[in-house]
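What the coordinates show
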Amino acid sequence: MRLFAAVLPPEAAVDELDARVRRLRALPGADRLRWTGRAGWHFTLAFYGEVPDTALPDLSGRLARAARRHGPVPLRLKGGGRFADRVVWAGAEGGLPALRKLADSASAAARRAGVQLSGHRPYTPHLTVARNRAEGLDLAPFVDGLADFEGSAWTVRELALVRSHLPASGVAGEQPRYETVAAWPLGT
């Protein structure tokens, strides 16, 4: 199974971001981006890749323990940025140090369960809204369109283990489908 640990924003936060993203999709060049669907919006804490079924019970147990060690985290969607000219993302504000610690624990849980992680990058809380595969498309207008975005505050109350089902149909623009495998409340 292709898995990752994540924080899933509440529907109200998704609605607020969706309203802003609709405006971005009207900008020149927006049709050259591959926009992520709102059903796939999440904050990845740790990406595990392909995980054998035999590792799932140990990984799940370790993630449950990690969730108990971390309390709820105040958060809001705010601003945005980009990774080079490849990804446009919405940012976050609030308990970012606590979110980074939760991400570190999610990575550590995988390592202890024998799941190999491909490299370690400093955690940057972000929610991907679009991917760019076009040559020469300047992403600055899309990032600028998120600069003043500030969603309502909410509280992260659980850590989720999510399965990613990659598109298999070969239809252009098909999105991955995400399925929450398990979720554990924080701090309990």
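Keep in mind that what you see is a predicted model, and the values were worked out from it rather than measured.

Below, the discussion takes up the overall build of the protein. Scanning the protein from N- to C-terminus turns up four helices and nine strands. Start at the N end of the protein and walk to the C end: the helices and strands fall as β-α-β-β-α-β-β-α-β-α-β-β-β. Scaling as 2.2 N^0.38, a compact globule of 188 residues should have a C-alpha radius of gyration of about 16 Å, and the protein matches this with 17 Å. Overall, the protein is about 50 × 40 × 25 Å in size when its C-alpha atoms are taken along their principal axes. Expressed as a percentage of the 188 residues in the protein, the buried residues total 45%. Sequence-distant contacts in the protein: of pairs separated by 6 or more residues, those separated by 24 or more amount to 80%. Accessible area of the protein: about 9,700 Å², with a carbon and sulfur share of 50%. In the protein, the 26 positive side-chain charges and the 19 negative ones have mean positions that sit 6 Å from each other.

With that settled, the discussion passes to a positive patch on the surface. On the surface, a cluster of positive charge is made up of Arg 65, Arg 68, Arg 69, Arg 111 and Arg 112. In terms of residue count, the dominant contributor to the positive patch is helix α2 (residues 56-69) (three residues). Tracing the sequence through the fold places Arg 111 in helix α3 (residues 96-112). Its relative accessible area of 49% is what places Arg 111 among the partly exposed residues.

This part is about the sheet that holds strand β6 (residues 127-132). Reading across from one edge, β2-β6-β5-β4-β7 is the order of the five strands in this open sheet, with antiparallel pairing throughout. Each edge of the sheet is formed by a strand with only one pairing partner; in this case those strands are β2 (33-35) and β7 (154-156). Taking the axes of each pair of neighbouring strands and ignoring which way they run, one obtains an average angle of 40 degrees across the sheet. For strand β5 (residues 87-94) and β6, the ladder comprises four bridges, and the chain directions are antiparallel. What sits directly across from Val 87, in β6, is Arg 131. The strands touched by helix α1 (residues 11-24) are β2, β4 (73-83), β5, β6 and β7; relative to β6, the strand with the most contacts, the crossing angle is about 25 degrees.

On to the sheet that holds strand β3 (residues 43-50). Spatially, four strands are ordered β3-β1-β8-β9 in an open sheet, and the strand pairing comes out antiparallel. With one partner strand each, in any of the chains shown, β3 and β9 (177-185) form the two edges of the open sheet. Each neighbouring strand pair of the sheet contributes to a mean axis angle of 20 degrees, computed without reference to strand direction. Two elements, strand β1 (residues 2-7) and β3, share six bridges in a ladder whose sense is antiparallel. Among the inter-strand pairings, Phe 4 is bridged to a residue of β3, identified as Phe 47. Packing against the sheet, α3 makes contact with β1, β3 and β8 (158-165), and its axis sits at approximately 15 degrees to β3.

What follows deals with the side chain of His 42. Topologically, His 42 is positioned in the loop between β2 and β3. Take His 42: its relative accessible area is 13%, and that puts it in the buried class. Reaching out from His 42, the side chain makes a polar contact with the backbone oxygen of Gly 40 at a distance of 2.6 Å. A polar side-chain atom of His 42 sits 3.1 Å from a polar atom in the side chain of Thr 44. If we skip the residues at most four places from it in the chain, His 42 touches Phe 4, Ala 6, Val 7, Leu 8, Pro 9, His 126, Leu 127 and Tyr 178.

What counts, and where the lines are drawn
- Starting afresh in each chain, residues are numbered from 1 along the sequence in its written order.
- Totals for whole chains, interfaces and linings use all residues, but because this is a predicted model, local features are given only for residues with pLDDT of at least 70 and pairs of side-chain atoms are given and counted only at 80 or more.
- Each side-chain value is worked out from all heavy atoms of the structure, with water and hydrogens disregarded.
- Working definition: helices are DSSP H or I runs of at least four residues, strands are E runs of at least two. Numbering for both runs from the N terminus.
- It is over C-alpha atoms that the radius of gyration is taken, and the globule rule equals 2.2 Å times the number of residues to the power 0.38.
- In this scheme, a residue with accessible area under 20% of its type's maximum is buried, one over 50% is exposed, and one in between is partly exposed, where area comes from a 1.4 Å probe on protein chains only.
- The contact rule is simple, with two residues in contact once any of their heavy atoms fall within 4.5 Å.
- Note on areas: these come from Shrake-Rupley sampling with a 1.4 Å probe, and a residue is covered only by the protein chains present in the view.
- Positive charges come from Lys and Arg alone, negative charges from Asp and Glu alone, with His and the N- and C-terminal ends not counted.
- Lys charges are placed at NZ, Arg charges at CZ, Asp charges at CG and Glu charges at CD.
- Residues forming no salt bridge and having over 30% relative accessible area are the ones grouped into patches, like charges within 9 Å of each other and nonpolar side chains (Val, Leu, Ile, Met, Phe, Trp, Tyr) within 5 Å.
- The salt bridge criterion pairs a side-chain nitrogen of Lys or Arg with a carboxyl oxygen of Asp or Glu, the two atoms within 4 Å.
- Only when DSSP finds a minimum of two bridges between them are two strands counted as paired.
- For helices, the axis comes from a line fit to the C-alpha atoms of the stretch in contact; other axes are also lines fit to C-alpha atoms, and the angle between any two N-to-C directions lies between 0 and 180 degrees.
- What qualifies as a polar contact is a pair of N or O atoms within 3.5 Å, subject to a donor-acceptor requirement within protein and to the restriction that residues adjacent in sequence count only when both atoms come from side chains.

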